[in-house]
Amino acid sequence: MATVDPRNDVLHVVGGEPLHGSIHVRGAKNLVSKAMVAALLAPGVSVLKNVPQIRDVQVVSDLLRLHGVAVDVDEVAGVVTIDAQRVQLADVADVDTLSGSSRIPILFSGPLLHRLGEAFIPALGGCNIGGRPIDFHLDTLRKLGAKVDKEHEDGIHITAPDGLHGAKIHLPYPSVGATEQTLLAAVQAEGKTELSGAATEPEIMDLVAVLQKMGAIISVDVDRTFRIEGVKELKGYVHTSLTDRIEAASWASAALATHGDIFVQGATQPEMMTFLNVFRKIGGQFDITDEGIRFWHPGGDLKPVAIETDVHPGFMTDWQQPLVVALTQAKGLSIVHETVYENRFGFTKPLVQMGGTIQLYRECLGSLPCRFQQHNYKHSAVILGPTPLEGRDIDVPDLRGGFSHLIAALTASGPSTVHGISLIDRGYEDFRDKLTALNARVD
Ligand code: EPU
């Protein structure tokens with residue numbers, strides 16, 4: 001895996017200028033990585049298009065290669081070709097080198113169990129925005145007949161000596177990852193699987209489309225129950241990923257916060273409807289075309305909003321952080337109730353140090369059922385605006401929080417130095433070049 005060049009890890013930003021111009025957003029990080037794992041199910045060649053150059057793609061490519069799979073990445077064309085004709089057990093020490101790099105490796109479980117009868121999953125990484133347990137994943141695998149051995153200090157060893165078998169599974173919370181885990185494991189399990197309480201994010205439905213192209217039989221009911229009829233064989237696919245709606249919304253929030261005007265080429269309306277409604281309520285304007293969506297600040301005051309993050313079709317938790325920066329510039333009191341992650345407001349501390357007025361509360365400031373109600377997590381935020389922001393030194397805490405800090409630095413008057421920005425490469429393709437294309441003063 002590529003190491004981080006320290007010169008690429010710091011960005012000097014002189015803010016206070018509107019971002020304006022056009023950028024191109026390619027495929028969704030949270031589909032592409034999973035579609036690459038799905039390719040492992042078929043002893044054939046799969047082709048994935050619209051793939052961005054982000055670190056998660058590198059991590060999954062590396063992990064596939066360690067399992068004997070040939071992966072060819074054409075970064076410019078955005079095409080990844082995966083030949084999973086041959087799959088072999090990876091050396092545990094090699095797999096361990098990827099420990100802590102991403103959350104995707106846990107999704108290798110089902111495909112590896114089908115192809116090899118066993119899997120070794122390294123310790124997981126991902127953003128530090130809550131406990132992020134994997135109990136639902138492991139329960140699902142066990143229900144399908146897998147044996148999970150967590151004794152290995154660096155990872156998890158999973159076996160399925162008798163193969164996987166269809167089962168009735170209910171998720172206590174509509175987890176995106178656990179839904180994908182079940183789909184990837186159940187498509188070739190013997191018999192039928194019923195998965196209730198599942199998540200149905202657009203990226204999951206795009207994964208279902210990939211699996212259907214491969215030969216799977218999967219249906220979904222209105223009550224978020226998936227029914228999967230196991231099939232014996234799957235074949236390679238050719239698929240174009242849906243656009244990254246999180247990246248698109250992040251640039252939209254940057255346009256709003258900086259009084260800017262950004263055309264996000266590739267952005268699509270259906271997956272962003274909930275975001276677009278909120279963007280309009282705040283006073284942002286947008287124009288939807290066949291090529292993408294233009295987002296801009298029309299001048300005048302922005303309006304405050306009350307939002308609650310939720311699973312699809314609710315307001316995505318990943319949209320929340322960049323938008324909070326824009327809300328520091330809205331006139332009045334905004335409220336954000338985070339119901340997906342218990343600890344996703346850590347990024348607001350530097351915003352307050354920059355001049356924002358943001359208070360965090362343990363109470364649920366909203367009406368959605370929330371798992372954090374009786375707990376001590378500061379998972380509601382009240383933002384009073386508009387407040388001018390001033391540049392400063394910032395350490396990037398996680399992917400979305402880090403991008404939000406970048407937006408704050410671009411909104412602020414005066415210079416900022418943002419440290420640890422290579423974290424942002426995990427999910428934002430070429431963001432340095434895109435900032436330059438939008439006339440940001442960064443180096
Ligand atoms: N959860 C459990 N047990 C589990 C799995 C999840 O308690 O076994 C809990 C989590 O702790 C969390 C909630 O369920 O409180 C939702 O987690 P989920 O499993 O849905 O999240 P995920 O699959 O780990 C994906 C995205 C996240 C995105 C969430 C929610 C990927 C690689 N990651 O994570 O994206 O926030 O779904 O939409 O698809 C990001 O892109 O920056 C990012 C964090």
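Residues numbered from 1 in each chain as written. Predicted model: local features only at pLDDT ≥ 70, side-chain atom pairs only at ≥ 80, totals over all residues. Heavy atoms only, no water.

The name given to the protein chain in an unreviewed UniProt entry is UDP-N-acetylglucosamine 1-carboxyvinyltransferase, with Bombiscardovia apis as the source organism. Comment text from UniProt for the protein chain, heading Catalytic activity (unreviewed entry), reads "phosphoenolpyruvate + UDP-N-acetyl-alpha-D-glucosamine = UDP-N-acetyl-3-O-(1-carboxyvinyl)-alpha-D-glucosamine + phosphate". Turning to the protein chain, the UniProt record has this under Pathway (unreviewed entry): "Cell wall biogenesis; peptidoglycan biosynthesis." (UniProt positions renumbered as here; feature names shortened; annotations may be inferred.)

## Here we look at the packing of aromatic side chains
Taken as a whole and assessed by the stated rule, the structure comprises 10 aromatic pairs. When the centroid spacing of 6.4 Å and the interplanar angle of 25° are considered together, the rings of Phe345 and Phe347 count as stacked. Among the residues examined, Phe345 registers a relative accessible area of 1% and is labelled buried. Under the relative-accessibility criterion, Phe347 is labelled buried at 2%. Across the ring face of Trp296, the terminal group of Arg294 is positioned such that the distance to the ring centre comes to 3.7 Å. Seen from the ring of Tyr173, Arg371 lies directly overhead, with NZ or CZ sitting 3.6 Å from the centre. (Phe/Tyr/Trp six-rings, centres within 6.5 Å; stacked < 30°, edge-to-face > 60°. Buried < 20%, exposed > 50% of the residue type's maximum accessible area, 1.4 Å probe, protein only. Lys NZ or Arg CZ within 6 Å of the ring centre and 35° of its normal.)

## Some details on the domain arrangement of the protein chain
Once the domains are mapped, the protein chain shows domain 1 (6-25 + 243-442) and domain 2 (29-240). The C-alpha centroid of domain 2 is placed 30 Å from the C-alpha centroid of domain 1. Taken residue by residue, the interface counts 23 residues in domain 1 and 21 residues in domain 2. Interface area, domain 1 with domain 2, both sides summed: about 2,100 Å², of which 47% is carbon and sulfur. Among the residues domain 1 hides against domain 2, the three largest losses belong to His312, Arg426 and Glu429. Together they make up 32% of the total. On inspection of domain 1 and its partner domain 2, the count reaches two salt bridges. Across the pair Arg426 and Asp56 runs a salt bridge, and its minimum N-O distance is 3.2 Å. Where domain 1 touches domain 2, the interface holds seven residue pairs in polar contact (both at pLDDT 80 or more). Where the side of domain 1 that touches domain 2 is concerned, the elements lending two or more residues are helix 8 (245-257) and helix 12 (399-411). For the side of domain 1 that touches domain 2, a count of residues per class yields seven nonpolar, five polar and 11 charged. (Domains from an automatic or database assignment. Contact = heavy atoms within 4.5 Å. Buried area = accessible area lost by both parts, 1.4 Å probe. Salt bridge = Lys/Arg side-chain N within 4 Å of Asp/Glu carboxyl O. Polar contact = N/O pair within 3.5 Å; in protein donor to acceptor, adjacent residues only side chain to side chain. Helix = DSSP H or I, 4+ residues; strand = E, 2+ residues; numbered from the N terminus. Nonpolar A, V, L, I, M, F, W, Y, C, P; charged D, E, K, R; others polar.)

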